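As a plain string of letters, each chain reads:
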Amino acid sequence: MVYIAPDSPLSLPAIVSIAVAGGLLTVFIVAVLIAYKRKSRESDLTLKRLQMQMDNLESRVALECKEAFAELQTDIHELTSDLDGAGIPFLDYRTYTMRVLFPGIEDHPVLRDLEVPGYRQERVEKGLKLFAQLINNKVFLLSFIRTLESQRSFSMRDRGNVASLIMTVLQSKLEYATDVLKQLLADLIDKNLESKNHPKLLLRRTESVAEKMLTNWFTFLLYKFLKECAGEPLFSLFCAIKQQMEKGPIDAITGEARYSLSEDKLIRQQIDYKTLVKEKILDAIFKNVPCSHRPKAADMDLEWRQGSGARMILQDEDITTKIENDWKRLNTLAHYQVPDGSVVALVSKQVTAYNAVNNSTVSRTSASKYENMIRYTGSPDSLRSRTPMITPDLESGVKMWHLVKNHEHGDQKEGDRGSKMVSEIYLTRLLATKGTLQKFVDDLFETIFSTAHRGSALPLAIKYMFDFLDEQADKHGIHDPHVRHTWKSNCLPLRFWVNMIKNPQFVFDIHKNSITDACLSVVAQTFMDSCSTSEHRLGKDSPSNKLLYAKDIPSYKNWVERYYSDIGKMPAISDQDMNAYLAEQSRMHMNEFNTMSALSEIFSYVGKYSEEILGPLDHDDQCGKQKLAYKLEQVITLMSLDS
C-alpha cells in the first residue's frame with residue numbers, strides 16, 4: 001500500500017479556526033478604525049466647539065470692555081467736566097510735602113511752634129540758633145550724617161526721619177541742600193562700587209539718608225509740575241479706577257470686588273447685586289467737594305422711609321442679623337427686603353437700643369467699625385492692599401462676612417480642581433477691567449515720560465539730576481547703557497513717581513479704599529516693570545498682574561528709553577540757572593515749616609549719640625580748624641536740662 005502525505009502541515013480544523021480568527025480580527029480592526037474615526041470627528045467637533053466658545057468669550061470680553069469703557073468715559077466726563085486746574089482737589093504745598101516726608105503723622109512738631117517751659121525758652125532758642133549755624137555748615141552736616149549712619153542702632157526709620165527733618169530745615173536754602181545731596185549721592189556711588197555690589201543696585205532701596213533726601217528733593221521741586229501737568233491724568237486714573245470698582249459689589253469685610261486689576265482682590269463668584277451704599281450716595285451728593293470737607297459715611301445712617309410715615313434705620317448689624325454655622329452676615333438691602341423705587345435718606349448717625357446695649361460688648365455696632373476699616377486715614381503703608389481682618393467674636397467665635405466668606409475660615413472645601421477651574425474663569429474680569437482703564441493708564445504714563453507735554457516744559461530738577469548721574473558714571477568709567485538707565489529709573493520713576501501712583505492721597509484731598517489701593521499697586525508695578533532693562537520671561541505660573549500688561553510693557557519701555565534719550569540730548573543747565581531756580585523755589589515756600597521745631601527734633605539725635613558725633617569732629621583737621629566740636633558742645637550745654 002502507498003500512502004501520499006498532504007502538502008499542508010495543518011489539519012482542516014486548524015485551517016478553519018485560523019480563517020475564523022482572521023475574519024474576527026479584520027472585523028475588530030475595522031470596528032476600531034470606525035470608532036477612532038468617530039472619536040476623532042467628535043474630538044474635532046469638541047475642539048471647534050471650544051474654539052467657538054473661546055471666540056465668543058473673547059468677543060464678550062471685548063464687548064464688555066467697549067461698553068464699560070464707553071460707560072466709564074461718560075461717568076469720567078461728568079466727573080471731570082468742571083475739573084479745570086482749580087477743580088481737581090490738590091492738596092496745598094505744606095500738606096502734600098508732609099504726607100510724603102512724614103507719612104501717617106497728622107500733627108507733626110515741624111508744623112507748630114516749639115514748646116519749651118518759659119524759664120528755659122531763651123537758652124533753648126539760643127542753642128537751636130547755634131545748632132542751625134552748624135547744620136548750615138557743610139563740613140559739620142556731612143560728618144553728622146555719616147556718623148549717624150555708622151551707628152548700628154540708627155534704624156531705617158531713623159534715616160528717613162533725619163533726611164526729612166534736614167530737608168524741612170533747608171527748605172529755605174535749597175541751593176545748599178542740593179550741594180549737600182550731591183555730595184552724599186557721590187559718596188553713596190563710591191561706596192556702592194567699592195563694595196563690589198552690582199552698580200544697578202544703586203538707589204534701589206531707601207537704606208541711606210541720601211536716598212530719602214533725594215525723594216524729598218524731588219517732592220519739593222516737582223509740586224508745580226504735578227499741579228500743572230501730571231496731576232490731571234493721575235487724578236483721572238484714580239477716579240476711573242474708583243468708578244469702575246464701584247460699578248460692581250465690593251465686599252465690606254474682605255475688600256474684594258467684582259471689578260478689579262488685582263487677582264487677590266477679585267470676587268470669584270457670581271453674585272446678584274444692586275448698586276446702593278452710603279459711600280456712593282455721598283460721592284454723588286458731594287461730587288466735587290474735597291474729601292476732608294465731606295461728612296464721613298461712618299457718621300451717617302441710611303434711613304428707609306416707608307409709607308404712612310414709617311421709618312427704619314438700615315444697619316450693618318442689628319437684632320435681625322442672621323447667624324449660620326458660626327458665620328454672621330452683614331445686613332444688606334436684600335436682608336431688609338427693600339424693593340426698587342423705595343425712598344431712602346442719609347441722616348446723622350443715631351444711637352439705637354441695639355447699639356446702646358451692645359456698645360460695651362465685642363460685637364458693638366459695626367457701622368462705624370467697618371466703615372473705619374474702609375475710610376482709613378492713617379499711614380498708607382499700613383493699608384497696603386491689605387485684607388481687612390475678619391476677627392471672630394472672642395466670646396462666641398462668630399465670624400463676620402458680607403458677600404463672600406474668607407477662604408481661610410470658610411466651610412467650603414478648597415483645593416479641588418473643579419472649584420479652582422470655576423474660580424479661574426472669573427479672571428477674565430481682570431482683563432475686562434484692564435481694557436476699560438487702559439486709556440487712563442496710557443495717558444498717565446505718556447505724560448510722565450514726555451519731555452514736553454501739553455505745553456509744560458521738563459522740570460529743571462529732572463534734567464539736572466540725570467546729568468549729575470551721567471557725570472558720576474563718566475567719572476567711574478561706567479559706559480554700560482543699562483546701568484545708566486537703571487540709575488535714572490531708581491532715581492526718579494521708582495523713587496518718586498511710583499510713590500505718587502500708589503498714594504494719590506499724597507497729592508489730592510481724596511479717600512483711597514483698599515480695592516482702589518490694590519488696583520493702583522498693579523498699575524505701579526507695571527510702571528516699575530516699564531522702567532526695567534531686564535527681560536521678563538512670562539509663563540503660566542507668572543503673577544496675573546504681570547500677564548495682564550505683558551503686551552503693553554514693550555511699548556512703555558520704548559517710551560522710557562525715548563524719554564531718557566531726549567533728556568540726554570537737551571542742553572545742560574548751568575549752575576547759575578539752577579541756583580536761580582532753587583532760590584526762587586526757596587522764596588516761594590520760605591515759611592512752610594517751623595525751623596526751630598525741626599532743629600529740636602534733629603538735636604534729639606545729638607543727645608542720643610553725642611560722644612560718637614563729637615569724636616570725628618575732634619579728630620578731623622577741617623573740623624578742628626572751624627572748632628566744630630567746641631561749637632557743638634556749646635549747643636549741648638545750652639540745651640541741657642541741667643543748664
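Note that the structure is a prediction, hence the values are computed from the model and not measured.

Calculation criteria
- Residues numbered from 1 in each chain as written.
- Predicted model: local features only at pLDDT ≥ 70, side-chain atom pairs only at ≥ 80, totals over all residues.
- Heavy atoms only, no water.
- Helix = DSSP H or I, 4+ residues; strand = E, 2+ residues; numbered from the N terminus.
- Buried < 20%, exposed > 50% of the residue type's maximum accessible area, 1.4 Å probe, protein only.
- Areas by Shrake-Rupley, 256 points an atom, 1.4 Å probe, with all protein chains shown as cover.
- Expected span 1.5 Å × (residues − 1).
- Bend = angle between axes of the 7 residues up to and from the residue.
- Pairing = 2+ DSSP bridges.
- Axes fitted to C-alpha atoms, helices over the stretch in contact; angles between N-to-C directions.
- pLDDT = per-residue confidence, 0-100.
- Contact = heavy atoms within 4.5 Å.
- Patch = residues over 30% accessible without salt bridge, like charges linked within 9 Å, V, L, I, M, F, W, Y side chains within 5 Å.
- Salt bridge = Lys/Arg side-chain N within 4 Å of Asp/Glu carboxyl O.
- Parallel < 35°, antiparallel > 145°, perpendicular 65-115°, else oblique.
- Left-handed = near helix turned anticlockwise from the far one by under 90°.
- Phe/Tyr/Trp six-rings, centres within 6.5 Å; stacked < 30°, edge-to-face > 60°.
- Lys NZ or Arg CZ within 6 Å of the ring centre and 35° of its normal.

A word on the overall build of the chain
In step 1: The number of helices and strands found in the chain is 25 helices and 8 strands.
In step 2: Among the 643 residues that make up the chain, the fraction classed as buried is 46%.
In step 3: In the form shown here, the chain has an accessible surface area of approximately 34000 Å², with 53% of it arising from carbon and sulfur atoms.

Description of helix α8 (residues 223–245)
Within an α-helix, residues lying three or four positions from one another point in the same direction, as the helix has 3.6 residues per turn.
In step 1: Taking 1.5 Å per residue as the helical rise, α8 with its 23 residues ought to reach 33 Å, whereas the 29 Å between its terminal C-alpha atoms falls clearly short.
In step 2: The largest bend along α8 reaches roughly 65° and is located at Ala230, with the proline Pro233 sitting one to four residues downstream.

Describing the sheet that holds strand β6 (residues 399–401)
In step 1: Spatially, the 3 strands line up as an open sheet ordered β3-β4-β6, and their pairing is mixed. Only two strands of the sheet have a single partner each, and these edge strands are β3 (323–324) and β6.

So, the pairing of strand β1 (residues 300–305)
In step 1: In terms of residue burial, β1 counts as a mostly covered element, since 5 of its 6 residues are buried.
In step 2: Here 6 bridges tie β1 to strand β5 (residues 343–348), and the two strands are oriented antiparallel to one another. Opposite Asp301, over in β5, you have Val347 as the bridge partner.
In step 3: The sheet contact formed by β1 and strand β2 (residues 311–314) spans 4 bridges and is antiparallel. Within β2, the position partnered with Trp304 by the bridge is Met312.

A short note on the sheet that holds β2
In step 1: Sheet architecture is open: 3 strands sit in the order β2-β1-β5, paired in antiparallel fashion. The open sheet has two free edges, formed respectively by β2 and β5, since each of these has just one partner strand. Strand-to-strand, the axes of this sheet are offset by a mean angle of 35°, without reference to chain direction.

Considering the confidence of the model for the chain
In step 1: For the chain, the mean per-residue pLDDT works out to 80, and 81% of the residues sit at or above 70.
In step 2: Of all helices and strands in the chain, the one with the weakest mean pLDDT is helix α12 (residues 366–374) (36), whereas helix α7 (residues 209–221) scores best (94).
In step 3: In this model, residues 82–86 is a region of pLDDT below 50 whose contacts with residues beyond four sequence positions or in other chains number 6 contacts.
In step 4: In the model, residues 408–422 has pLDDT below 50 throughout and makes 12 contacts with residues more than four positions away in sequence or in other chains.

Brief notes about unusual backbone geometry
If a residue is not glycine, its phi is most likely negative; likewise, a peptide bond is most likely trans.
In step 1: The backbone of Lys627 shows a phi angle near 55°, a positive value even though the residue is not glycine.
In step 2: Residue placement: Lys627 occurs in the loop between α24 (621–625) and α25 (628–639).

A closer look at a nonpolar patch on the surface
In step 1: Taken together, the side chains of Leu25, Phe28, Ile29, Val32 and Leu33 define a hydrophobic patch exposed on the protein surface, amounting to about 490 Å² of accessible area.
In step 2: With respect to the element layout, Ile29 can be found in helix α1 (residues 12–80).
In step 3: Residue classification places Ile29 among the partly exposed residues on the basis of a relative accessible area of 42%.

Here's the deal with the pattern of salt bridges
In step 1: Following the criterion strictly, the structure yields 18 salt bridges and no others.
In step 2: Across the salt bridge formed by Arg305 and Glu303, the nearest N and O atoms sit 2.8 Å from each other.
In step 3: For Arg305, a relative accessible area of 32% corresponds to the partly exposed category.
In step 4: One continuous salt-bridge network, built from bridges that share partners, spans Asp470, Asp474, Arg484 and Lys488.

Looking at the packing of helix α15 (residues 460–475) against helix α21 (residues 575–588)
In step 1: At a minimum axis distance of 11 Å, the contact between α15 and α21 shows a crossing angle of 135°. Taken together, the axes of α15 and α21 are oblique relative to one another. Handedness of the α15/α21 crossing: left-handed. On the side of α15, the interface is formed by Leu460, Ala461 and Tyr464, while α21 contributes Asp575, Met578 and Tyr581.

Structural notes on the packing of aromatic side chains
In step 1: With the rule as written, the count across this model stands at 21 aromatic pairs.
In step 2: Seen from their ring centres, Phe449 and Tyr563 are 5.7 Å apart, and the 65° between their planes marks the pair as edge-to-face. With Phe449 in the loop between α14 (428–448) and β7 (452–453) and Tyr563 in helix α20 (residues 553–569), this residue pair connects regions lying 114 residues apart in the sequence.
In step 3: A ring pair is formed by Tyr556 and Trp559, whose centres lie 5.3 Å apart and whose planes are at 65°; its orientation type is edge-to-face. In this pair, Tyr556 and Trp559 both sit in helix α20, 3 residues apart, roughly one turn of the helix.
In step 4: Within the aromatic cluster, the residues linked to one another by ring pairs are Phe445, Phe449, Phe466, Phe527, Tyr556, Trp559, Tyr563 and Tyr564.
In step 5: Just above the ring of Phe440 sits the side chain of Lys439; from NZ or CZ to the centre is 5.6 Å.

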